[in-house]
Amino acid sequence: MFRKPLLATLITATALFAATHAAAATPTEADYAQAFHTIHQVKAGVLNVGYVDIGPRDGQPVILLHGWPYDINSYSHVAPQLAARGYRVIVPYLRGYGSTRFLSASTPRNGQPSALAADTVALMDALGIKQAVFAGFDWGARTADIVAALWPERVKSLVSVSGYLISSQQIGEKPLPPQAELQWWYQFYFATERGREGYAKNTHDFAKLIWQQASPGWKFSDATFNQSAQALDNPDQVSVTVSNYRWRIGQEKGEPQYAAYEKKLATLPVISVPTITIEGDNNGAPHPAPAAYRAKFSGKYEHRTFSGNIGHNPPAEDPQDFVKAVVDAAKM
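Residues numbered from 1 in each chain as written. Predicted model: local features only at pLDDT ≥ 70, side-chain atom pairs only at ≥ 80, totals over all residues. Heavy atoms only, no water.

Focus: unusual backbone geometry
Thought 1: Residue Pro 69 is bonded to the preceding Trp 68 through a cis peptide linkage, with omega at -5 degrees.
Thought 2: Structurally, Pro 69 is set in the loop between strand S3 (61-65) and helix H3 (78-84).
Thought 3: Phi at Ser 162 is positive, roughly 70 degrees, even though this residue is not glycine.
Thought 4: Within the secondary structure, Ser 162 sits in the loop between strand S7 (155-161) and helix H6 (169-172).
Thought 5: Residues other than glycine seldom take positive phi values, yet Leu 268 does so here, at roughly 55 degrees.
Thought 6: Here Leu 268 shows up in the loop between helix H13 (259-265) and strand S8 (275-280). (Helix = DSSP H or I, 4+ residues; strand = E, 2+ residues; numbered from the N terminus.)

Given below as C-alpha coordinates:
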(Lines give C-alpha, C1' and ligand atoms only; values in the text may rest on other atoms or scores of the structure.)
Protein backbone atom coordinates (compact mmCIF):
# COMPACT_ATOMS: atom_id res chain seq x y z
CA MET A 1 0.00 0.00 0.00
CA PHE A 2 3.05 2.29 0.15
CA ARG A 3 4.04 1.85 -3.48
CA LYS A 4 1.89 4.59 -5.01
CA PRO A 5 2.85 7.36 -2.54
CA LEU A 6 6.51 6.31 -2.78
CA LEU A 7 6.37 6.30 -6.57
CA ALA A 8 4.68 9.70 -6.59
CA THR A 9 7.30 11.04 -4.22
CA LEU A 10 10.12 9.73 -6.40
CA ILE A 11 8.58 11.21 -9.53
CA THR A 12 8.11 14.58 -7.83
CA ALA A 13 11.66 14.56 -6.49
CA THR A 14 13.07 13.60 -9.87
CA ALA A 15 11.10 16.36 -11.61
CA LEU A 16 12.22 18.91 -9.04
CA PHE A 17 15.85 17.80 -9.38
CA ALA A 18 15.68 18.04 -13.18
CA ALA A 19 14.01 21.45 -13.08
CA THR A 20 16.52 22.77 -10.56
CA HIS A 21 19.49 21.56 -12.56
CA ALA A 22 18.01 22.79 -15.83
CA ALA A 23 17.63 26.24 -14.32
CA ALA A 24 21.14 26.09 -12.93
CA ALA A 25 22.46 25.09 -16.36
CA THR A 26 20.90 28.16 -18.03
CA PRO A 27 23.53 30.90 -18.10
CA THR A 28 22.58 34.15 -16.41
CA GLU A 29 23.54 37.70 -17.30
CA ALA A 30 26.25 37.45 -14.62
CA ASP A 31 27.59 34.29 -16.25
CA TYR A 32 27.73 36.02 -19.63
CA ALA A 33 29.39 39.06 -18.05
CA GLN A 34 32.17 36.78 -16.84
CA ALA A 35 32.35 34.98 -20.20
CA PHE A 36 32.62 38.35 -21.97
CA HIS A 37 36.29 38.47 -21.02
CA THR A 38 37.08 35.23 -22.87
CA ILE A 39 38.58 36.19 -26.22
CA HIS A 40 38.36 33.80 -29.16
CA GLN A 41 40.50 33.94 -32.29
CA VAL A 42 39.60 33.01 -35.87
CA LYS A 43 41.26 33.52 -39.24
CA ALA A 44 38.98 35.67 -41.39
CA GLY A 45 40.06 37.36 -44.60
CA VAL A 46 43.39 39.11 -44.05
CA LEU A 47 43.10 38.97 -40.27
CA ASN A 48 43.27 36.71 -37.26
CA VAL A 49 40.33 38.31 -35.45
CA GLY A 50 39.97 38.47 -31.69
CA TYR A 51 36.33 38.46 -30.63
CA VAL A 52 33.85 37.78 -27.85
CA ASP A 53 31.16 35.19 -28.61
CA ILE A 54 28.49 34.75 -25.94
CA GLY A 55 24.91 33.56 -25.85
CA PRO A 56 23.14 30.49 -27.29
CA ARG A 57 24.75 29.27 -30.51
CA ASP A 58 21.30 28.90 -32.07
CA GLY A 59 20.23 32.40 -31.04
CA GLN A 60 19.73 35.33 -33.42
CA PRO A 61 23.26 36.61 -34.14
CA VAL A 62 24.02 40.18 -33.11
CA ILE A 63 27.28 41.84 -34.14
CA LEU A 64 28.40 44.82 -32.04
CA LEU A 65 31.11 47.06 -33.52
CA HIS A 66 33.21 49.51 -31.49
CA GLY A 67 34.73 52.80 -32.54
CA TRP A 68 37.97 54.77 -32.22
CA PRO A 69 39.64 55.10 -29.77
CA TYR A 70 37.51 52.62 -27.85
CA ASP A 71 37.29 48.83 -27.85
CA ILE A 72 34.96 45.91 -27.21
CA ASN A 73 34.50 46.93 -23.56
CA SER A 74 32.08 49.61 -24.71
CA TYR A 75 29.69 46.64 -24.89
CA SER A 76 30.66 44.93 -21.62
CA HIS A 77 27.22 45.69 -20.13
CA VAL A 78 25.23 45.47 -23.36
CA ALA A 79 26.43 42.10 -24.64
CA PRO A 80 25.66 40.04 -21.48
CA GLN A 81 22.12 41.46 -21.34
CA LEU A 82 21.51 40.53 -24.96
CA ALA A 83 22.99 37.07 -24.47
CA ALA A 84 20.75 36.47 -21.44
CA ARG A 85 17.79 37.32 -23.69
CA GLY A 86 18.75 34.53 -26.08
CA TYR A 87 20.86 36.34 -28.68
CA ARG A 88 24.22 35.09 -29.88
CA VAL A 89 26.42 38.15 -29.45
CA ILE A 90 29.65 38.66 -31.41
CA VAL A 91 31.91 41.59 -30.44
CA PRO A 92 35.10 41.72 -32.54
CA TYR A 93 38.20 43.82 -32.13
CA LEU A 94 38.54 45.85 -35.32
CA ARG A 95 41.80 45.74 -37.25
CA GLY A 96 44.44 47.52 -35.21
CA TYR A 97 42.83 46.77 -31.83
CA GLY A 98 43.24 44.21 -29.07
CA SER A 99 44.24 40.71 -30.15
CA THR A 100 43.27 41.15 -33.82
CA ARG A 101 46.34 40.73 -36.03
CA PHE A 102 47.13 40.79 -39.74
CA LEU A 103 48.00 37.35 -41.07
CA SER A 104 50.76 38.71 -43.30
CA ALA A 105 53.44 41.28 -42.59
CA SER A 106 53.10 42.47 -46.19
CA THR A 107 49.41 43.40 -45.96
CA PRO A 108 49.03 47.21 -45.88
CA ARG A 109 47.85 48.47 -42.52
CA ASN A 110 44.97 50.11 -44.31
CA GLY A 111 42.24 51.84 -42.35
CA GLN A 112 39.87 52.80 -45.17
CA PRO A 113 36.23 52.26 -44.20
CA SER A 114 35.33 49.63 -46.81
CA ALA A 115 38.25 47.48 -45.65
CA LEU A 116 36.79 47.35 -42.14
CA ALA A 117 33.41 46.41 -43.58
CA ALA A 118 34.98 43.63 -45.66
CA ASP A 119 36.70 42.40 -42.48
CA THR A 120 33.30 42.09 -40.81
CA VAL A 121 31.77 40.10 -43.66
CA ALA A 122 34.84 37.83 -43.68
CA LEU A 123 34.33 37.26 -39.94
CA MET A 124 30.70 36.29 -40.54
CA ASP A 125 31.81 33.82 -43.21
CA ALA A 126 34.44 32.35 -40.90
CA LEU A 127 31.85 31.86 -38.14
CA GLY A 128 29.19 30.52 -40.49
CA ILE A 129 26.81 33.44 -39.83
CA LYS A 130 24.63 34.24 -42.82
CA GLN A 131 22.80 37.21 -41.36
CA ALA A 132 22.99 39.27 -38.18
CA VAL A 133 21.56 42.27 -36.41
CA PHE A 134 24.24 44.99 -36.50
CA ALA A 135 24.86 47.76 -34.00
CA GLY A 136 27.73 50.21 -33.74
CA PHE A 137 29.01 53.66 -32.89
CA ASP A 138 31.77 55.82 -34.39
CA TRP A 139 33.91 53.62 -36.70
CA GLY A 140 31.61 50.75 -35.75
CA ALA A 141 28.49 52.59 -36.96
CA ARG A 142 30.20 53.55 -40.20
CA THR A 143 31.29 49.94 -40.71
CA ALA A 144 27.77 48.64 -40.01
CA ASP A 145 26.29 51.22 -42.40
CA ILE A 146 28.64 50.10 -45.15
CA VAL A 147 27.87 46.41 -44.65
CA ALA A 148 24.15 47.26 -44.80
CA ALA A 149 24.66 49.24 -48.01
CA LEU A 150 26.94 46.78 -49.82
CA TRP A 151 25.72 43.47 -48.41
CA PRO A 152 22.10 44.10 -47.30
CA GLU A 153 21.35 40.37 -47.34
CA ARG A 154 23.80 39.94 -44.44
CA VAL A 155 22.05 42.51 -42.22
CA LYS A 156 18.72 41.65 -40.59
CA SER A 157 18.46 45.09 -39.04
CA LEU A 158 20.69 47.96 -37.99
CA VAL A 159 21.31 50.17 -34.97
CA SER A 160 23.52 53.08 -35.96
CA VAL A 161 24.73 55.81 -33.60
CA SER A 162 24.81 59.16 -35.44
CA GLY A 163 22.90 57.60 -38.30
CA TYR A 164 24.22 57.58 -41.85
CA LEU A 165 28.02 57.82 -41.80
CA ILE A 166 28.87 56.69 -45.33
CA SER A 167 31.03 59.20 -47.17
CA SER A 168 33.71 59.36 -49.85
CA GLN A 169 37.14 60.84 -50.48
CA GLN A 170 35.57 63.39 -52.81
CA ILE A 171 33.36 64.63 -49.99
CA GLY A 172 36.22 64.48 -47.49
CA GLU A 173 38.44 66.65 -49.66
CA LYS A 174 35.96 69.55 -49.60
CA PRO A 175 36.70 72.25 -46.97
CA LEU A 176 34.20 72.83 -44.19
CA PRO A 177 33.30 76.01 -42.28
CA PRO A 178 35.94 76.89 -39.65
CA GLN A 179 33.89 75.73 -36.65
CA ALA A 180 33.31 72.33 -38.29
CA GLU A 181 36.98 72.02 -39.22
CA LEU A 182 37.91 72.72 -35.61
CA GLN A 183 35.96 69.67 -34.47
CA TRP A 184 38.13 67.53 -36.75
CA TRP A 185 41.42 68.81 -35.33
CA TYR A 186 42.83 65.29 -34.89
CA GLN A 187 42.25 64.52 -38.57
CA PHE A 188 44.60 67.34 -39.51
CA TYR A 189 47.05 66.28 -36.81
CA PHE A 190 47.18 62.77 -38.26
CA ALA A 191 47.82 64.21 -41.71
CA THR A 192 51.31 65.15 -40.55
CA GLU A 193 54.26 63.00 -39.58
CA ARG A 194 54.44 64.99 -36.36
CA GLY A 195 50.91 63.82 -35.65
CA ARG A 196 51.73 60.20 -36.37
CA GLU A 197 54.74 60.35 -34.06
CA GLY A 198 52.76 62.19 -31.40
CA TYR A 199 49.96 59.62 -31.44
CA ALA A 200 52.47 56.77 -31.26
CA LYS A 201 54.18 58.37 -28.28
CA ASN A 202 51.04 59.41 -26.40
CA THR A 203 48.37 56.93 -27.52
CA HIS A 204 46.66 56.50 -24.16
CA ASP A 205 46.68 60.20 -23.27
CA PHE A 206 45.39 61.00 -26.75
CA ALA A 207 42.55 58.50 -26.39
CA LYS A 208 41.54 59.84 -22.98
CA LEU A 209 41.34 63.35 -24.41
CA ILE A 210 39.07 62.12 -27.22
CA TRP A 211 36.85 60.32 -24.72
CA GLN A 212 36.53 63.52 -22.69
CA GLN A 213 35.80 65.73 -25.68
CA ALA A 214 33.38 63.29 -27.33
CA SER A 215 31.43 62.61 -24.12
CA PRO A 216 31.77 65.70 -21.91
CA GLY A 217 29.09 64.48 -19.51
CA TRP A 218 30.46 60.95 -19.07
CA LYS A 219 32.35 60.60 -15.78
CA PHE A 220 34.20 57.40 -16.61
CA SER A 221 36.67 56.01 -14.09
CA ASP A 222 40.38 55.46 -14.62
CA ALA A 223 39.72 51.72 -14.34
CA THR A 224 37.14 51.87 -17.15
CA PHE A 225 39.49 53.82 -19.39
CA ASN A 226 42.56 51.73 -18.63
CA GLN A 227 40.75 48.50 -19.41
CA SER A 228 39.86 49.73 -22.90
CA ALA A 229 43.15 51.51 -23.50
CA GLN A 230 44.99 48.18 -23.44
CA ALA A 231 43.43 47.43 -26.83
CA LEU A 232 45.28 50.44 -28.26
CA ASP A 233 48.62 48.75 -27.57
CA ASN A 234 48.07 46.66 -30.71
CA PRO A 235 51.17 46.99 -32.94
CA ASP A 236 49.04 48.16 -35.88
CA GLN A 237 46.92 50.73 -33.99
CA VAL A 238 48.87 53.80 -35.05
CA SER A 239 49.15 52.77 -38.69
CA VAL A 240 45.47 51.83 -39.05
CA THR A 241 44.26 54.98 -37.29
CA VAL A 242 46.46 57.34 -39.27
CA SER A 243 45.54 55.53 -42.50
CA ASN A 244 41.83 55.89 -41.76
CA TYR A 245 41.93 59.65 -41.31
CA ARG A 246 44.40 60.28 -44.12
CA TRP A 247 42.25 58.24 -46.49
CA ARG A 248 39.17 60.30 -45.65
CA ILE A 249 40.77 63.52 -46.92
CA GLY A 250 42.42 61.93 -49.94
CA GLN A 251 45.97 61.65 -48.63
CA GLU A 252 45.97 57.88 -49.20
CA LYS A 253 44.73 56.02 -52.25
CA GLY A 254 43.57 52.85 -50.53
CA GLU A 255 43.92 49.33 -51.92
CA PRO A 256 42.72 48.27 -55.39
CA GLN A 257 40.58 45.39 -54.10
CA TYR A 258 38.30 47.88 -52.35
CA ALA A 259 37.96 50.27 -55.31
CA ALA A 260 34.62 48.85 -56.51
CA TYR A 261 33.19 49.19 -53.00
CA GLU A 262 34.34 52.78 -52.72
CA LYS A 263 32.90 53.63 -56.14
CA LYS A 264 29.47 52.46 -54.99
CA LEU A 265 29.78 54.12 -51.59
CA ALA A 266 30.68 57.42 -53.28
CA THR A 267 27.11 57.49 -54.66
CA LEU A 268 25.87 57.57 -51.03
CA PRO A 269 23.57 54.57 -51.47
CA VAL A 270 20.30 54.36 -49.57
CA ILE A 271 20.20 51.75 -46.80
CA SER A 272 17.15 49.51 -47.15
CA VAL A 273 17.36 47.33 -44.02
CA PRO A 274 15.20 48.13 -40.95
CA THR A 275 17.08 50.71 -38.89
CA ILE A 276 17.07 52.51 -35.58
CA THR A 277 19.39 55.51 -35.44
CA ILE A 278 20.61 56.91 -32.13
CA GLU A 279 22.06 60.19 -30.98
CA GLY A 280 23.23 61.21 -27.54
CA ASP A 281 21.90 64.51 -26.24
CA ASN A 282 25.45 65.64 -25.39
CA ASN A 283 27.59 64.20 -28.18
CA GLY A 284 30.76 66.27 -28.34
CA ALA A 285 32.15 64.54 -31.43
CA PRO A 286 31.43 65.70 -35.00
CA HIS A 287 28.09 64.25 -36.09
CA PRO A 288 25.29 65.03 -38.55
CA ALA A 289 21.84 66.18 -37.47
CA PRO A 290 19.23 63.37 -37.60
CA ALA A 291 17.13 65.29 -40.13
CA ALA A 292 20.11 65.36 -42.50
CA TYR A 293 20.16 61.60 -42.96
CA ARG A 294 16.54 60.52 -42.57
CA ALA A 295 16.10 60.09 -46.34
CA LYS A 296 19.08 57.71 -46.51
CA PHE A 297 17.05 54.93 -44.86
CA SER A 298 14.25 53.49 -46.99
CA GLY A 299 13.09 50.59 -44.81
CA LYS A 300 11.36 50.56 -41.44
CA TYR A 301 12.95 53.37 -39.48
CA GLU A 302 13.01 55.03 -36.08
CA HIS A 303 15.29 57.64 -34.52
CA ARG A 304 15.97 57.82 -30.79
CA THR A 305 17.77 60.53 -28.85
CA PHE A 306 19.25 59.25 -25.61
CA SER A 307 18.82 61.86 -22.89
CA GLY A 308 20.65 62.31 -19.62
CA ASN A 309 23.94 63.86 -20.75
CA ILE A 310 24.75 60.99 -23.11
CA GLY A 311 27.73 61.48 -25.40
CA HIS A 312 29.46 59.67 -28.24
CA ASN A 313 29.58 56.18 -26.71
CA PRO A 314 25.93 55.30 -25.92
CA PRO A 315 26.46 51.55 -25.31
CA ALA A 316 28.80 52.36 -22.43
CA GLU A 317 27.02 55.49 -21.23
CA ASP A 318 23.43 54.18 -21.47
CA PRO A 319 23.56 50.38 -21.85
CA GLN A 320 19.91 49.79 -20.89
CA ASP A 321 18.51 51.98 -23.67
CA PHE A 322 21.07 50.61 -26.11
CA VAL A 323 20.01 47.04 -25.35
CA LYS A 324 16.37 48.05 -25.88
CA ALA A 325 17.25 49.57 -29.24
CA VAL A 326 18.97 46.37 -30.39
CA VAL A 327 16.09 44.18 -29.20
CA ASP A 328 13.54 46.45 -30.87
CA ALA A 329 15.55 46.56 -34.10
CA ALA A 330 15.75 42.76 -34.16
CA LYS A 331 11.94 42.69 -34.17
CA MET A 332 11.51 45.21 -36.99
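Having put the structure on the table, let's press on.
Examining the packing of aromatic side chains
Thought 1: Evaluated as defined, the whole model comprises 32 aromatic pairs.
Thought 2: Taking 5.2 Å as the distance between ring centres and 70 degrees as the angle between the ring planes, the aromatic pair formed by Tyr 70 and Phe 137 counts as edge-to-face. Residue Tyr 70 is found in the loop between S3 and H3, and its partner Phe 137 is found in the loop between strand S6 (132-136) and helix H5 (139-150); the two are separated by 67 residues along the sequence.
Thought 3: Residue classification places Tyr 70 among the buried positions, given a relative accessible area of 1%.
Thought 4: Classification of Phe 137 as buried rests on a relative accessible area of 0%.
Thought 5: An angle of 40 degrees between the planes, with centres 5.4 Å apart, marks the rings of Trp 185 and Phe 206 as tilted. One end of the pair, Trp 185, is in helix H8 (residues 185-190); the other, Phe 206, is in helix H10 (residues 203-214), with 21 residues separating them in the sequence.
Thought 6: Sitting above the plane of the Tyr 164 ring, Lys 296 keeps its charged end 5.3 Å from the centroid. (Phe/Tyr/Trp six-rings, centres within 6.5 Å; stacked < 30°, edge-to-face > 60°. Buried < 20%, exposed > 50% of the residue type's maximum accessible area, 1.4 Å probe, protein only. Lys NZ or Arg CZ within 6 Å of the ring centre and 35° of its normal.)

With respect to the pairing of S8
Thought 1: For S8, the buried fraction is high: six of the six residues fall into the buried class.
Thought 2: Of the two faces of S8, the one lined by Thr 275, Thr 277 and Glu 279 and the one lined by Ile 276, Ile 278 and Gly 280 are each fully buried.
Thought 3: Two elements, S8 and strand S9 (residues 301-306), share six bridges in a ladder whose sense is parallel. Bridging across to S9, Ile 278 finds its partner in Arg 304. (Pairing = 2+ DSSP bridges.)

Section: the pattern of salt bridges
Thought 1: By the definition in use, this model includes ten salt bridges.
Thought 2: Taking the shortest distance from any N to any O, the salt bridge between Arg 304 and Glu 302 comes out at 2.8 Å.
Thought 3: Take Arg 304: its relative accessible area is 15%, and that puts it in the buried class.
Thought 4: When the shortest N-O distance is used, the salt bridge between Asp 328 and Lys 324 registers 2.8 Å. Residue Asp 328 and its partner Lys 324 are both found in helix H16 (residues 319-330); the two are separated by four residues, about one turn of the helix.
Thought 5: Through salt bridges that share partners, Glu 302, Arg 304, Lys 324 and Asp 328 make up one connected network. (Salt bridge = Lys/Arg side-chain N within 4 Å of Asp/Glu carboxyl O.)

Looking at the side chain of Ser 228
Thought 1: Structurally, Ser 228 can be placed in helix H11 (residues 222-229).
Thought 2: What Ser 228 contacts, discounting residues up to four positions off in sequence, is Asp 71, Asn 73 and Trp 211. (Contact = heavy atoms within 4.5 Å.)

Considerations on the nonpolar core
Thought 1: Membership of the largest hydrophobic core comes to 96 residues, with the highest contact counts inside it found for Leu 64, Trp 68, Leu 82, Phe 134 and Phe 322.
Thought 2: Residue contributions to this core peak at nine residues, all from helix H4 (residues 113-127). (Core = buried A, V, L, I, M, F, W, Y, C linked by side-chain atoms within 4.5 Å.)

Observations regarding the side chain of Asp 119
Thought 1: If you trace the backbone, Asp 119 turns up in helix H4.
Thought 2: Residue Asp 119 is classed as buried on the basis of its relative accessible area, which comes to 10%.
Thought 3: When near neighbours in sequence (up to four residues on either side) are disregarded, Asp 119 contacts Val 46, Leu 47 and Arg 95.

With respect to the environment of Ile 166
Thought 1: Note that Ile 166 resides in the loop between S7 and H6.
Thought 2: Using a relative accessible area of 6% as the deciding quantity, one classes Ile 166 as buried.
Thought 3: Counting along the chain gives 137 residues from Ile 166 to His 303, while the straight-line C-alpha distance between them is 17 Å.
Thought 4: When neighbours within four sequence positions are excluded, Ile 166 is seen to be in contact with Asp 145, Ile 146, Ala 149, Leu 265, Leu 268 and Ile 271.

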